[in-house]
Amino acid sequence: MNSTVSQFNYGMITPVVAFLMACAGAALGLRCTTRSVRMGAQGRRGPWLTLGAICIGSGIWTMHFIAMIGFTIDGASIRYDRALTFLSLGVAVAVVLLGVFIVGYRGTSPLTLGVAGVVTGAGVAAMHYIGMYGMKFAGHMSFDPVTVGLSVLIAVTAATAALWAAVSLHTLASAAAASVIMGVAVTGMHYTGMAAMSVHVDAGSRVQGQSSMDLLFSLIPMVGGPIVVLVLAAVIVMFDPDMLVGNDPVQNIQGQGQEPEAASVADTRPTASWPSL
């Protein structure tokens with residue numbers, strides 16, 4: 001039989017915290033990719049692009065499971081398959097890493113950005129639905145294909161905008177604005193995907209599950225790891241002096257007493273703009 005579900009068992013706490021985590025991951029990721037761009041073709045861009053992808057992917061995944069803390073099914077207890085749960089984390093980081101490396105090394109031409117956006121967006125949507133299939137209860141789920149398609153479209157659009165921003169926006173103000181927009185987009189994708197789901201609970205049957213508080217304390221340790229990663233990334237960004245400068249790395253390098261030749265190398269960073277329609 002169909003069962004009533006709630007997305008907000010703890011009120012607005014879970015969606016707000018989920019949104020903030022998505023914004024935090026996006027902001028840290030954008031600052032890391034900015035650092036990679038500032039290093040230019042001669043610098044070691046890979047580690048910064050990797051850290052940026054980990055931040056964005058971890059932020060998206062943490063947003064998803066913080067939002068799921070507020071999800072309940074009337075008449076059923078919920079538990080999570082840890083293997084599928086952590087597989088969804090790996091998928092989130094891997095697809096963002098692939099997209100960031102594509103645009104980080106090949107630029108943001110319409111074709112490159114389109115391919116990277118589709119791959120990353122589809123991967124983020126896959127992360128969401130893998131996480132959903134990791135949810136176990138006495139019954140089964142079904143999904144409305146139209147609403148699922150809409151959630152994938154939102155994910156692709158958000159991923160494309162995120163990848164463009166990752167190599168195009170280099171100031172604190174622009175990165176902060178982009179992070180908020182990305183937070184709204186990925187949180188909207190999550191709740192759109194949740195709206196696509198219908199839950200059917202088996203009559204007179206239950207899995208060995210958890211109470212609401214048990215579920216809360218079960219999920220918190222799982223999201224704790226990615227949160228620690230985001231905190232460590234924030235420390236790295238805070239102690240990197242080039243992260244807090246404006247959009248003129250040449251002036252910053254010359255101010256540190258380096259030779260003009262070094263500055264000219266750093267100034268060869270690629271530039272990007274919105275692709276023409």
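Residues numbered from 1 in each chain as written. Predicted model: local features only at pLDDT ≥ 70, side-chain atom pairs only at ≥ 80, totals over all residues. Heavy atoms only, no water.

A few words now on the confidence of the model for the protein chain. Averaged over every residue, the pLDDT of the protein chain is 78; residues scoring 70 or more account for 77%. In this model residues 244-277 is a low-confidence stretch, pLDDT under 50, and it forms 41 contacts with partners more than four residues away in sequence or in other chains. (pLDDT = per-residue confidence, 0-100. Contact = heavy atoms within 4.5 Å.)

Running from amino to carboxyl end, helix 1 (residues 13-38) crosses helix 5 (residues 145-168) at an angle of 45 degrees, the nearest separation of the two axes being 7 Å. Between helix 1 and helix 5, the crossing angle belongs to the class labelled oblique. Across from Leu 30, Thr 33, Thr 34 and Val 37 in helix 1, the residues of helix 5 making contact are Ala 162, Ala 165, Ala 166 and Val 167. (Axes fitted to C-alpha atoms, helices over the stretch in contact; angles between N-to-C directions. Helix = DSSP H or I, 4+ residues; strand = E, 2+ residues; numbered from the N terminus. Parallel < 35°, antiparallel > 145°, perpendicular 65-115°, else oblique.)

By the secondary structure assignment, Asn 9 is in the loop between strand 1 (5-6) and helix 1. Judged by its relative accessible area of 35%, Asn 9 falls in the partly exposed class. Sequence-wise, Asn 9 and Phe 71 are 62 residues apart; in three dimensions their C-alpha atoms are separated by 6.2 Å. (Buried < 20%, exposed > 50% of the residue type's maximum accessible area, 1.4 Å probe, protein only.)

All right, on to helix 3 (residues 82-106) then. The α-helix advances 3.6 residues per turn, and as a result positions three or four apart in sequence lie on the same side. Under the 1.5 Å per step criterion, the end-to-end length of helix 3 is 36 Å for 25 residues, consistent within 8% with the ideal 36 Å. Those residues of helix 3 lying buried are Thr 85, Ser 88, Leu 89, Val 91, Ala 92, Val 93, Val 95, Val 96, Gly 99, Val 100, Val 103 and Gly 104. Between the side-chain oxygen of the N-cap and the backbone nitrogen of Ala 83 there are 3.0 Å, and the N-cap of helix 3 in question is Asp 81. Immediately beyond the C-terminal end of helix 3, within one or two residues, lies Gly 107, with a positive phi of roughly 85 degrees. (Expected span 1.5 Å × (residues − 1). Polar contact = N/O pair within 3.5 Å; in protein donor to acceptor, adjacent residues only side chain to side chain.)

We now examine the nonpolar core. Within the largest apolar cluster, 65 residues are counted, with the highest numbers of intra-cluster contacts made by Met 68, Phe 71, Ile 73, Met 135 and Met 197. Per-element tally for this core: the top contributor is helix 2 (residues 45-69), with 13 residues. Once residues within four sequence positions are removed from consideration, Met 197 is found in contact with Phe 71, Met 132, Met 135, Met 141, Ser 142 and Phe 143. (Core = buried A, V, L, I, M, F, W, Y, C linked by side-chain atoms within 4.5 Å.)

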